[in-house]
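Here are the chains, one letter per residue:
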Amino acid sequence: MLKLYYSPGACAMASHIALEEAGADYELQKVDLKKGEQRTPEYLAVNPAGSTPAMATEQGVITQNVAILAYVAQTHPQAKLAPLGDAYAFARMQAFNAWLASSLHPAIGKVLFSRLEGAARDEALELALAKYDLAEQHLLVGPWALGADHSVTDGYLMVFTRWARQADLLDKARFPGLNAHLDRVQSRPAVQRALAAEGLSAL
Ligand SMILES: N[C@@H](CCC(=O)N[C@@H](CS)C(=O)NCC(=O)O)C(=O)O
């Protein structure tokens, strides 16, 4: 059975949602980041990088949302969580996922989770919002992230639009598409189950 190491509300929610959407046979193992559990010897033996998510499979551990999402989609083809038969479309999905991991996540993370103040925080916020602009104007196709078909990218994008809404940063006039997408993703039964399992609810 798969085992997902996650922290409630953190970016591992993307992998959690994918597992739930896939109908996968999996269990959850909470790693409380606020208590520093990601740095215990037990967890470092699972993921020496000391970050979540990590997912134990029969073959070994997979880290990084981008890799876990692709694995879940490929091992549960019946759930249609990725364009599996189309190398170009799959690469486009991975480009979106890699952008979320390497660009949007660090930018909003700096605003929400670092101790920046004053002008430094303002600058970080401006940079982060410019990335949400990019997602709003160019990356999000609609109604789902990649277009007509729902995919693992939807739950991943939703993590960061959810963080932004929670911090009152997802202005409805500036980001109409992202707001509608967030509502659409949060209304999916699998997403509601994942949120509930993390002790959370739709925002
Ligand atoms: N690119 C990685 C980022 C992983 C990451 O930064 N996880 C955060 C939670 S959102 C974490 O575990 N942080 C703990 C720490 O840095 O101590 C992924 O998407 O899997």
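Calculation notes
- Residues numbered from 1 in each chain as written.
- Predicted model: local features only at pLDDT ≥ 70, side-chain atom pairs only at ≥ 80, totals over all residues.
- Heavy atoms only, no water.
- Near = heavy atom within 4 Å.
- Polar contact = N/O pair within 3.5 Å; in protein donor to acceptor, adjacent residues only side chain to side chain.
- Areas by Shrake-Rupley, 256 points an atom, 1.4 Å probe, with all protein chains shown as cover.
- Salt bridge = Lys/Arg side-chain N within 4 Å of Asp/Glu carboxyl O.
- Helix = DSSP H or I, 4+ residues; strand = E, 2+ residues; numbered from the N terminus.
- Buried < 20%, exposed > 50% of the residue type's maximum accessible area, 1.4 Å probe, protein only.

A.B. asks: Describe the site of the ligand, with residues and values.
C.D. replies: If you check the shell around the ligand, you find 13 residues, and the closest are Cys11, Gln38, Thr52, Gln64 and Asn65. Here a nitrogen atom of the ligand sits 2.7 Å away from a polar atom, N or O, in the main chain of Thr52. Interatomic distance of 3.4 Å between a side-chain N/O atom of Tyr156 and an oxygen atom of the ligand. Against a free-state accessible area of 520 Å², the protein chains account for coverage of 74% of the ligand.

A.B. asks: Residues and numbers for the pattern of salt bridges, please.
C.D. replies: The full count for this structure, using the stated rule, is four salt bridges. A salt bridge links Glu21 to Arg188; the nearest nitrogen and oxygen atoms lie 2.7 Å apart. In this pair, Glu21 sits in helix H1 (residues 13–22) while Arg188 sits in the loop between helix H7 (176–186) and helix H8 (189–197), placing the two residues 167 residues apart along the sequence. We classify Glu21 as buried; its relative accessible area is 17%. Looking at Arg188, the relative accessible area reads 21%, which means it is partly exposed. The residue Arg174 makes a salt bridge to Asp133 at a minimum N-O spacing of 2.9 Å. In this pair, Arg174 is assigned in the loop between helix H6 (152–166) and H7 and Asp133 in helix H5 (residues 118–139), connecting sequence segments 41 residues apart. By relative accessible area, which is 18% here, Asp133 ends up buried.

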